[in-house]
Each structure stands twice: as C-alpha cells, then as structure tokens.
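Chain residues, written in single-letter form:
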Amino acid sequence: MVLYPNDVSEQGKELRLRQQYFLASASLQDVLRQWVRANGNDFTHFADKNGFQLNDTHPTVAIPELMRLLMDEQGLCWDDAWDITTKTMAYTNHTLLPEALEAWSVALFRELLPRLMDITYEINARFLTQVAQRWPGDCYRQQRMSIIEEGDHPRIRMAYMAIIGSYSVNGVASLHTDLLARGLFADFYQLWPEKFNNKTNGVTPRRWLSHCNPGLKSLITEAIGDQWISDYRQFEQLKPFADDVQFAKRFTAIKQQNKQALTDLVFKNCGVRFDIDMMFDVQVKRIHEYKRQLLNVLHIIHLYDRVRRGDTEGMEPRCVLIGGKAAPGYVLAKTIIKLINNVAQVINRDHALNDWLKVAFISDYSVTAMEIIAPGTDLSEQISTAGKEASGTGNMKFMMNGAVTIGTLDGANIEIREAVGEENFFLFGLTADEVEAIRPEYDPNHSIDEDDDLTRVMSLLESGHFNLFEDGIFDSIIAAIRSHSDLWMIAADFRSYIDAQARVAEIYRDKQAWARMSILNTASSGYFSSDRTINEYKEDIWHRELKNETNS
Ligand SMILES: *Cc1c(COP(=O)(O)O)cnc(C)c1O
C-alpha cells in the first residue's frame, strides 16, 4: 500500500512519479559525485566506465535527469551530455501489454519536474528531426514515434524515451524480443535495428535448487559432483541418469518428501488436505487475465463434471493448487480469486469427489512460499495467451525442480520446450500469430456451442452452481469468456488444453515415464540459470572487459 499505491487515483500516480524521480536522481547523483571526486569535471572517459541498465520503464526519468545533471550541474553542452547519456543508458523491456507501458501526463510531469519537461521536449524535437530525415513527409510516422502522445490530455511515452535515450534495447525471451521488433516497437526497430537484442531471463540455481530443495541438491551432487551449483553447463551431465532406475527411484522419493512439505503448507494456509499420492498440478503467479487462471478453472470444473457423470476412464487423481495476488484496483482479478475459492469449496465438500480431485487457493503467495511450492510440484501450469507473457520465471523455477510443464508457445516456454525436447513438454493452444489472425472474427459462443464439454462447463457456471447464495457475482467472468472481444481467447484454447491435460494424466500413470521426463527437465534447465543471463548482459551490453581495460 505504500510502495505501489493503487494508481487508479491521481494521488497514487503522483506519489509513484515522485518515487521514480527520487530513486533515479539519487542513483545518478551518487555515481556523478564519485566520478567528480576521482576525475574532477573531466567526463571524457565517463561512458567507458559507467552503465545504467533501465529495469523496465520505471527509472526512465533518469534519461532527462542525467542530461540535467550534466548540463546544469557539471556545465557540459547539450551534444556532449547527450553523447554520454546515449552511451551509458540501456533499456530492458518487460511487457508486451500496451496498457502496461507507462505514460505520464504532461500536466503532472511539468508541475513536478519542469526542467525535465523542457529537456524532454528538446530530446523529442531533435529526435523527430531524425525521423523526418529518414522518412521525409511521413507525418503520421512522426506522430506515431513522438515521445509526446498528443490529445486533450497529452502524455509522455516513457518506453519511447527509453529507446531514444539508450544504446541497447532488449526483450527477456526470444519470442518477446521478436514481437517487440515486429509489433510494439516496429518503427524504432526499422530506424535502429542494431540497438535491439534478446536476453532470455534466468533464475539463480543457488536459491531455486540448492537452497529450496536440499534433497535434490544432494542427489545431484552425488551423481555429478557439486560444480553445477556455480557452472550451469554441468546440469547436462544429469541427462544419462534419466534412464538409471535406481537414480529415478531416489529422485521420485525426494519429490514425495517435497510434496509432503507442500501438503503441510497448503493445510496451514487454506485448511485443505492434499494427498501426496495424487498428481500435484500447480499454477502460482500474479492473478491476471492474460495468465488465464480462468482456463485452469474451466478444466477443474470439467474434471468435476466428469466425476459427477461417472466418466472417470483415463482420469488421474489430482490436487490442483492455484495461488497469487491481484493488484488492489483490478476488480476482475479479485473476482477470479473468489471463483477459484468457491469452486474449491464445492469440490472439497463433495465426498464423491475426494478420491479424484482436491482444489486449494493459497493466499499471500511469495518467494518464501514458492521455495516450498516449486520442489513439491509435478505439473507446472504456464498457460498464458500466446504472445502476452514476456518471459516468465516461475516456469524456470518449476523446471529446475523437476516439474513437467503444460504450456502454450509463449515467453520462455518456447525455449524451455526446445531445451527439454518436445516429447517432454505438454504443448497446447494457438500460437501468437494464430491468436492475432483469428482475433477479428473470434466467436467464443461458437466454440462453446460446438464443444459438449465446454457447453456443460459453462452451464454449471451460468446456473449459479458455484454461487448458490451469491446471485450474479460471476456474471462479469461469464461475460468476459463469451465476449467476441475477449483479448485472452479462453474459449479458443479450451479443447486443446483439455486434450493436453488428458495426455498428462496418461503419462503420469506410468511412474517410470514420468520420472524420466521429470529428471530430463532438471537436467535441461542449466540454460535458465541467471548466471548465463548475466554473462550475456555483461558481454553484449555492458562490454565489461572493455570498460575494465580502459582504466581499472
Ligand atoms: C517467480 C515468481 C513470480 C513470477 O512468476 P511467473 O509465473 O513467471 O509470473 C511471481 N511471484 C513470485 C513470488 C515468484 O517467486
């Protein structure tokens, strides 16, 4: 409530801009103070020795602020200050959702930071001259690329400021970088293709394996020594052990222990008793429509419907865990949490269901909770609408701990599937290109009508079966699924998802086949070490060696 006030209100917005300016300016002033102490006001080699990696658009106000500090405080001229700025700033984009790109109101920005407003206008004027030279007479393109979004309430597009003021722009997974270049930032990619590069995210194996899964850490170390902890390339050496029956037995026994720890956490948090002999099917992440917790709920309702109809052939008993927080102002996300809880209550109270299905919603999802959740998971749900999840890192934590993924071709899922092999990944759903191709004529009601399973699931939802004494509370969710403009295409991927879940059940029944897949997931997760990611930033963006050699 203090750091991320709900920015639905104007007051919340102003506080957030103040925070961003305070942190960006303090960081820059700290660096400049140390530079001046050592070098006086000679900034000739400043750019060789310093780099600022903009982690999303949040610190982008650092670009005009560095200009201000260099000109107004250090006495540099515009051209020298701009040269230093564009040789030190680099920008990492973290989202493809256009509504998540920051845009400050010009009125607010001018009131709070008048000097930075002047500098921003000057940056923009000089930039638009460049655009006009590259595309003479293309006024529409100048308007599209302008830092200032015109209108009754003009706004500053912080992502454009970040691209214009930086020498490097990167996305956080291969598909994400591709989509930035082809879509969101296509104009800028055409102007400066050399600025764009990919840095696929990673997670640290120290926290996300050694620390959180000591049992697995010991087993791996016994098999291949302990160098894998600091050398991600050595994960690969585990691959042959996927076919070692003794190793697989011990690997599975450790998973069962970790499932017991997760069972205890779930019971403490939500009073639901999981059973470690059932499959643990887990989706934990922020609650958002694009991440499609709703699709997961539709599958749960489908399984519930099957058991009630006695159609359990080929089914596998499951404990489904969903967890995550919703932003305070995101009403539909709060409603999704309510739906998950109501569905869980109906299912868990029905004794006919107990041997087949248990459902829990874990509140207060955090890194500390994830350290228990990832090691105890069998199936990792990564089911976002293709083209919407920039990378994901939860997917990597699960993989490292031997969970098998059911997922769409989105974010780093694509690279996870390539690393582990398509036979060890449960793929479903439309591709990012298919999603955009279908969108204009998307008709969810048609998808519902032609699929008996989805028709029954929607009937249960619409009959009020999960909100008997809470009339109409899920109307907004039902309307979203049935809307032709459902951005997230829930109904379009339902059939493909249900079929993929049936394949999961079939493989899970074969304990040896599942253990093999699980071991191969851990063995193929080395690429998703943040050590690899950080090295790539170092070599491709920060040119550390070079900067160290010039002056150590
Ligand atoms: C890893 C992690 C995330 C990110 O999860 P995604 O599935 O990639 O969205 C969010 N919150 C917590 C607490 C995490 O540990």
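Residues numbered from 1 in each chain as written. Predicted model: local features only at pLDDT ≥ 70, side-chain atom pairs only at ≥ 80, totals over all residues. Heavy atoms only, no water.

> Now, about the overall build of the chain: what can you tell me, with residues and values included?
Helix and strand counts for the chain come out as 26 helices and 13 strands. Relative to its length of 552 residues, the chain is compact, with a C-alpha radius of gyration of 26 Å against a globular reference of 24 Å. By its C-alpha atoms, the chain is 80 × 60 × 40 Å across when sized along the principal axes. Buried residues in the chain amount to 54% of all 552 residues. Considering only contacts in the chain between residues 6 or more positions apart, those separated by 24 or more positions represent 76%. Each charge class in the chain was averaged separately, 58 positive and 77 negative side chains, and the resulting centres sit 4 Å apart. (Helix = DSSP H or I, 4+ residues; strand = E, 2+ residues; numbered from the N terminus. Rg over C-alpha atoms; globule rule 2.2 N^0.38 Å. Buried < 20%, exposed > 50% of the residue type's maximum accessible area, 1.4 Å probe, protein only. Contact = heavy atoms within 4.5 Å. Lys, Arg positive; Asp, Glu negative; His and termini not counted. Charge placed at Lys NZ, Arg CZ, Asp CG, Glu CD.)

> Requested: an account of the packing of aromatic side chains, with residues and values cited.
Going through the model one piece at a time under the given rule, you end up with 20 aromatic pairs. Counting every residue linked through ring pairs, the aromatic cluster contains Phe127, Tyr160, Phe185, Phe188 and Trp192. The ring centre of Trp135 lies 3.9 Å from the NZ or CZ of Arg141, which sits over that ring. (Phe/Tyr/Trp six-rings, centres within 6.5 Å; stacked < 30°, edge-to-face > 60°. Lys NZ or Arg CZ within 6 Å of the ring centre and 35° of its normal.)

> Describe the sheet that holds strand 13 (residues 426-427), naming the residues involved and giving the relevant values.
If you trace the six strands from one edge of the open sheet to the other, you get 10-9-8-11-12-13, paired in parallel fashion. Each of the sheet's edge strands pairs with one partner strand only, and the pair in question is strand 10 (357-362) and strand 13. Bridge count for strand 12 (residues 404-407) against strand 13 is two bridges, and the pairing is parallel. Across the sheet, residue Ile406 finds its bridge partner in strand 13, namely Phe426. Here helix 13 (residues 245-270) sits on the sheet and contacts strand 8 (279-284), strand 9 (318-323) and strand 10; the angle it forms with strand 10, its principal contact strand, is near 65°. (Pairing = 2+ DSSP bridges. Axes fitted to C-alpha atoms, helices over the stretch in contact; angles between N-to-C directions.)

> Break down the layout of surface pockets for me, citing the residues and quoting the values.
Empty pockets left among the atoms are what a rolling probe the size of a water molecule brings to light. Each pocket or cavity is described by its volume, and for the second largest pocket that value is around 360 Å³. Contributing to the lining of the second largest pocket are 21 residues, with Ala248, Thr252, Lys511, Gln512 and Ala515 lying nearest its centre. Only helix 13 and helix 24 (511-523) provide two or more residues apiece to the lining of the second largest pocket. Examining the composition of the lining of the second largest pocket, we find that eight residues originate from one element, helix 13, more than from any other. Per-class residue counts for the lining of the second largest pocket are eight nonpolar, four polar and nine charged. (1 Å grid on protein atoms, 1.4 Å probe; cavity = no way out; pocket = protein on both sides within 12 Å on 5 of 7 lines; lining within 4 Å. Points joined across faces, edges and corners; volume = space filled by probe spheres on them. Nonpolar A, V, L, I, M, F, W, Y, C, P; charged D, E, K, R; others polar.)

> Break down the site of the ligand for me, citing the residues and quoting the values.
In the vicinity of the ligand, the contacting residues are Val284, Lys285, Lys291, Tyr365, Ser366, Val367, Met370, Gly392, Thr393, Gly394 and Lys397. The contact in question runs from an oxygen atom of the ligand to an N or O atom on the side chain of Tyr365, over 3.5 Å. Within the contact set of the ligand, an oxygen atom lies 3.0 Å away from a backbone nitrogen or oxygen of Gly394. In isolation the ligand offers 390 Å² of accessible surface; the protein chains occlude 82% of this area. Of all the secondary-structure elements, those providing two or more residues to the shell around the ligand are helix 16 (367-373) and helix 17 (394-400). (Near = heavy atom within 4 Å. Polar contact = N/O pair within 3.5 Å; in protein donor to acceptor, adjacent residues only side chain to side chain. Areas by Shrake-Rupley, 256 points an atom, 1.4 Å probe, with all protein chains shown as cover.)

> Mind laying out the environment of Ile340, listing which residues take part and the relevant values?
For Ile340, the location among the structural elements is in helix 15 (residues 331-349). Judged by relative accessible area, which is 2%, Ile340 ranks as buried. For the pair Ile340 and Val359, spaced 19 residues apart in the sequence, the C-alpha separation amounts to 8.4 Å.

> Any chance you could break down the environment of Arg318 for me, citing the residues and the numbers?
On the secondary structure map, Arg318 appears in strand 9. Between the C-alpha atom of Arg318 and that of Trp356, which follows or precedes it by 38 residues, the distance is 6.2 Å. Those residues in contact with Arg318 that sit more than four places away from it in its chain are Met278, Met279, Asp281, His299, Leu303, Trp356, Leu357, Lys358, Leu379, Gln501, Val504 and Ala505.

> So what's going on with the side chain of Glu381? Residues and values would help.
As for its position among the elements, Glu381 is in strand 11 (residues 379-382). As a buried residue without a salt bridge, Glu381 has its nearest oppositely charged side chain in Arg318, at a separation of 4.8 Å. Separated by 2.6 Å, the side chains of Glu381 and Tyr497 make a polar contact. In this view, Glu381 contacts Asp281, Val282, Gln283, Lys285, Asn296, Ile406, Tyr497 and Gln501; residues no more than four positions away in its chain are not counted. (Salt bridge = Lys/Arg side-chain N within 4 Å of Asp/Glu carboxyl O.)

> Describe the pairing of strand 1 (residues 52-55), listing the residues and the values that go with them.
Of the two faces of strand 1, the one lined by Phe52 and Leu54 is fully buried and the one lined by Gln53 and Asn55 carries no buried residue. Note: strand 1 against strand 2 (residues 89-92), four bridges, orientation parallel. Note that in strand 2 the partner of Gln53 across the bridge is Ala90.

> Any chance you could break down the pairing of strand 2 for me, citing the residues and the numbers?
Burial along strand 2 is two-sided: the face carrying Met89 and Tyr91 and the face carrying Ala90 and Thr92 are both buried. As paired elements, strand 2 and strand 6 (residues 168-171) share three bridges and run parallel to each other. From the neighbouring strand, Thr92 faces strand 6, where its bridge partner is Asn170.

> Which residues make up the pattern of salt bridges, and what are the values?
Enumeration according to the criterion identifies 41 salt bridges in this entry. Across the salt bridge formed by Arg182 and Asp433, the nearest N and O atoms sit 2.8 Å from each other. One end of the pair, Arg182, is in helix 9 (residues 174-184); the other, Asp433, is in helix 19 (residues 432-438), with 251 residues separating them in the sequence. Taken together, the shared-partner salt bridges in this structure form one network comprising Asp305, Arg306, Arg309, Asp311, Asp451, Asp453, Arg456, Arg495 and Asp499.

> So what's going on with helix 14 (residues 293-308)? Residues and values would help.
Over its 16 residues, helix 14 extends 23 Å from the first C-alpha to the last, a length consistent with the 22 Å expected when each residue adds 1.5 Å. The buried count for helix 14 comes to 15 of 16 residues, which makes it a mostly enclosed element. Where helix 14 ends, the next residue or the one after it, Gly310, has phi of about 75°, a positive value. (Expected span 1.5 Å × (residues − 1).)

> Summarise empty space enclosed by the protein; cite the residues concerned and give the values.
Across all of its chains, the model carries three cavities of 30 Å³ or more by this definition. A volume near 70 Å³ is recorded for the largest cavity. Looking at the largest cavity, the residues that line it are His288, Glu289, Arg292, Gln293, Leu294, Leu332, Ile336, Ala480, Ile481, Asp486, Trp488 and Ile490. Listed by contribution, the elements that provide at least two residues to the lining of the largest cavity are helix 14, helix 15 and helix 22 (475-482). Looking at the lining of the largest cavity residue by residue, the class counts come to seven nonpolar, two polar and three charged. One number sums up the size of the second largest cavity: a volume of about 50 Å³. Surrounding the second largest cavity, Lys285, Gln382, Ile383, Ser384, Glu389, Ser391, Gly392, Asn395, Asp410, Gly411 and Asn413 form its lining. Residue composition of the lining of the second largest cavity, grouped by class: one nonpolar, seven polar and three charged.

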